Amino acid sequence: MERRFGVLGCRVQGSFLRTVMRTGPWMDGSDGHQAGALAVLLDHSMAETIYNAAGPGRWSLTTRLAYDIVAPAPWRTAALYATSWVPRSDRSGGFAQCEVTDERGELVAVGSTWVQNVAASGPLHPAAADAATEDAVGSGAANFTDHLGARLTVAGEDTRAELPRTEPWNNGYGTLHGGIWAGLAELAGSAALAHHGSDLRTATVSVSYLRRTDRTSVAAVARPVHLGQSFGVVEVTGTDNSGRRCVSATVTGRQHAR
């Protein structure tokens, strides 16, 4: 699945894990690259560092993912480079951090995650491995919304980003990839900022994962709680098609110099 986000694999270098992601039009939003497009790279890179140390018979599940956009989009680079490390971990899980840079070595984003290791309930889902080699990066999508296959709608104060089909974005455990959830939440949050006439752009995304998602469709609903001239906060709730709350997220927008 990660290959369709341009993630080309991980390489261990000492105590660090290094991952490369190719960029492209599939990352585009209404104003440069969509910050949510970084979520799969960050989630995969950091969780992989803890998964590698978990030992056999364990699955690593992200419980919280947060990242800050240091350099606002667009990112004029052919690839982004993630370097992850684990300050603390044990058999039950751990905490990882990450830095993302462009091809010139300039810092683009920083991230952190908490991961819980659980006993594996079966083998990795074979469809996930097949999907990783099926499609070219971005699959010719014109922007990030199209790449996800998402639909954006507005009703009153709420901006809704719906993912009608989750199966293409499932991870090896047969559940929706945490990076997809974070990307969908950021998509809804940034669209809410834009809908309310704000000039703010995504600066921080923080996602708490409440339960695993194995349903056929999900949605993220964003509602602004504060919109200032230079700073704004949007709360995002993610539910599956049974109405269960699966994620709780906050998207913070800031004004950047043009």
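What counts, and at which threshold
Residues numbered from 1 in each chain as written. Predicted model: local features only at pLDDT ≥ 70, side-chain atom pairs only at ≥ 80, totals over all residues. Heavy atoms only, no water. Helix = DSSP H or I, 4+ residues; strand = E, 2+ residues; numbered from the N terminus. Rg over C-alpha atoms; globule rule 2.2 N^0.38 Å. Buried < 20%, exposed > 50% of the residue type's maximum accessible area, 1.4 Å probe, protein only. Contact = heavy atoms within 4.5 Å. Areas by Shrake-Rupley, 256 points an atom, 1.4 Å probe, with all protein chains shown as cover. Expected span 1.5 Å × (residues − 1). Bend = angle between axes of the 7 residues up to and from the residue. Phe/Tyr/Trp six-rings, centres within 6.5 Å; stacked < 30°, edge-to-face > 60°.

S.K.: What am I meant to see in the overall build of the protein here?
M.R.: The number of helices and strands found in the protein is four helices and 12 strands. Taken against the 2.2 N^0.38 rule, which gives 18 Å for 258 residues, the C-alpha radius of gyration of the protein at 17 Å falls within 12% of a compact globule. Dimensions along the principal axes, computed over C-alpha positions, put the protein at roughly 50 × 45 × 35 Å. Across the 258 residues that make up the protein, the buried fraction comes to 50%. When contacts within the protein are restricted to residue pairs at least 6 apart in sequence, those whose partners lie at least 24 apart make up 68%. For the protein, the accessible area works out to roughly 11500 Å², and carbon and sulfur atoms hold 47% of it.

S.K.: Could you clarify how one ought to interpret helix α1 (residues 39–54) in this entry?
M.R.: Along an α-helix, residues three or four positions apart point the same way, because every turn accommodates 3.6 residues. With 16 residues, α1 extends 22 Å from end C-alpha to end C-alpha; this agrees with the ideal 22 Å at 1.5 Å per step. In the structure, α1 departs most strongly from a straight axis at Glu48, where the bend amounts to approximately 25°. α1 sits mainly inside the fold: 12 of its 16 residues count as buried. Every buried residue of α1 is listed here: Ala39, Val40, Leu41, Leu42, Asp43, His44, Ser45, Met46, Ala47, Thr49, Ile50 and Ala54. One or two steps after α1, the chain reaches Gly55, where phi turns positive at roughly 90°.

S.K.: Teacher, can you tell me more about the packing of aromatic side chains here?
M.R.: Any pair of aromatic rings gets described here by the distance separating the centres and the angle formed by the planes. Considering all chains together, one arrives at five aromatic pairs under this definition. Measuring from centroid to centroid gives 6.3 Å for Phe5 and Phe144, while their planes differ by 80°, and the two rings are edge-to-face. Separated by 139 residues along the polypeptide, Phe5 in the segment before β1 (7–13) and Phe144 in helix α3 (residues 144–148) bring together distant segments of the chain. The same class applies to Phe5 as to Phe144, namely buried.

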